[in-house]
Amino acid sequence: MLAFILRRLAQALFVIAAMLVIVFFGVNVVGDPIYMLISPEMDQQQIAETARQLGLDRPIWEQFLVFLKNAVQGDLGRSFVHGESAIKLILSRMPATLELAFVALFMAIVIGLPLGLYAGLKPESRLSRFIMAVSILGFSLPTFWVGLMLILTFAVGLGWLPATGRGPTVSIFGLETSLLTLKGWQHVALPALNLALLKISLVIRLARAGAREAALMDYVKFARAKGLSQSRIIGVHILKNIMIPIVTVLGLEFGSLVAFSVVTETIFAWPGMGRLLLEAITRLDRPVIVAYVMVVVVLFVAINLLVDMVYSALDPRVRLTEATS
């Protein structure tokens, strides 16, 4: 078990190191940020001085060595626009993005699981067909269009929920959250639903397929033959078995909720990491872009590492396969 964990840790560190190189050169060969940062009234001498202060006058390989030296110490550079540490800027916006991602994941489970379960147990009913048709729409409709329609319907038309921004926050153990206030939930409802739409469709599909397969298993037939109630058969014998793949997939999908919340945060003016990334891209704020991508890479690597470790703990055949290979 220890050898398995050490091997996985070594692979994770290799992936992070490789992405560090790819992301740095990928971002630094695009455009010249100096002309996005200077005033139009500056002369060439002032422009050269600004480039020198930002370290942009050095060769790319020298910039990379400086970046690598600082990255080892946890410093991914200073924002060209904000003049602050890029990693601190990202981390200051992370609670808002994580809050949005957790609520979206919660919605995906609460809404998607019962609908998928019903569609799997009663596949020929009209409601089941309607649920599956709606799930296809969830995969097909573009996120930005759905977000605009939600704003037009629930904020502009009905006036039930606010269209933009994050609600008032409360500090708990040093972390700011808006989920402990009513206005906070009102503000997070629409962007979380928009972000969760694709995951709701995914859970519906997984739950339906799992329920249809589990319903034909011998242990379910035996439970029916024993005269157990339908609710007990579903809750104990079907739901517990289909939850394993659903939880696994949603655990991996949580990383994508955090990484790909850019569109939703922009539409709903949600003050998270995604909106900060979009602002950084439009102004070529390279340190912030690199810091964002590296934070997302580390998050994905950490989640996959955790899943691998849990798998190896639950199923010894995984460790044996690794050992023989």
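Quick notes on the rules
- Residues numbered from 1 in each chain as written.
- Predicted model: local features only at pLDDT ≥ 70, side-chain atom pairs only at ≥ 80, totals over all residues.
- Heavy atoms only, no water.
- Salt bridge = Lys/Arg side-chain N within 4 Å of Asp/Glu carboxyl O.
- Helix = DSSP H or I, 4+ residues; strand = E, 2+ residues; numbered from the N terminus.
- Buried < 20%, exposed > 50% of the residue type's maximum accessible area, 1.4 Å probe, protein only.
- 1 Å grid on protein atoms, 1.4 Å probe; cavity = no way out; pocket = protein on both sides within 12 Å on 5 of 7 lines; lining within 4 Å.
- Points joined across faces, edges and corners; volume = space filled by probe spheres on them.
- Nonpolar A, V, L, I, M, F, W, Y, C, P; charged D, E, K, R; others polar.
- Contact = heavy atoms within 4.5 Å.
- Phe/Tyr/Trp six-rings, centres within 6.5 Å; stacked < 30°, edge-to-face > 60°.

## Quick look at the pattern of salt bridges
Working step 1: Tallying each qualifying case throughout the model produces six salt bridges.
Working step 2: Between Glu49 and Arg52 there is a salt bridge, and its shortest N-O distance comes to 2.7 Å. One end of the pair is Glu49 and the other is Arg52, both in helix α3 (residues 44-54) and three residues apart, which spans about a single turn.
Working step 3: Its relative accessible area of 33% is what places Glu49 among the partly exposed residues.
Working step 4: In this structure, Glu279 and Arg275 form a salt bridge, with 4.0 Å as the shortest nitrogen-oxygen distance. Taken together, the residues span about one helical turn, with Glu279 and Arg275 both in helix α12 (residues 273-282) at a distance of four residues.
Working step 5: Its relative accessible area of 33% is what places Glu279 among the partly exposed residues.

## A few points about the layout of surface pockets
Working step 1: Space inside the largest pocket adds up to approximately 500 Å³.
Working step 2: Taken together, 22 residues line the largest pocket, and the ones lying closest to its centre are Leu54, Gly77, Arg78, Phe80 and Pro287.
Working step 3: Counting residues per element, the ones that place at least two in the lining of the largest pocket are α1 (2-28), α3, α4 (60-72) and α13 (286-314).
Working step 4: Tallying contributions element by element places α4 first for the lining of the largest pocket, with four residues.
Working step 5: Classifying every residue of the lining of the largest pocket by side-chain character gives nine nonpolar, eight polar and five charged.

## Some remarks on the side chain of Ser201
Working step 1: With respect to the helices and strands, Ser201 occurs in helix α8 (residues 182-215).
Working step 2: Owing to a relative accessible area of 3%, Ser201 belongs among the buried residues under this scheme.
Working step 3: Residue contacts for Ser201: discarding those within four places in its chain leaves Ser135, Gly138 and Phe139.

## Description of the packing of aromatic side chains
Working step 1: Applying the stated criterion across every chain, the model contains six aromatic pairs.
Working step 2: Taking the centre distance of 5.2 Å and the plane angle of 55° together, the rings of Phe24 and Phe64 count as tilted. Taken together, the positions of Phe24 in helix α1 and Phe64 in helix α4 put the pair 40 residues apart, joining distant regions of the chain.
Working step 3: According to the relative accessible area criterion, Phe24 is buried, its value standing at 5%.
Working step 4: Ring geometry for Phe24 versus Phe67: centroids 4.9 Å apart, planes at 25°, classification stacked. Taken together, the residues span a long stretch of sequence, with Phe24 in helix α1 and Phe67 in helix α4 at a distance of 43 residues. When sorted by exposure, Phe24 lands in the same class as Phe67, which is buried.
Working step 5: Here the aromatic cluster, defined as three or more aromatic residues joined through ring pairs, consists of Phe24, Phe25, Phe64 and Phe67.

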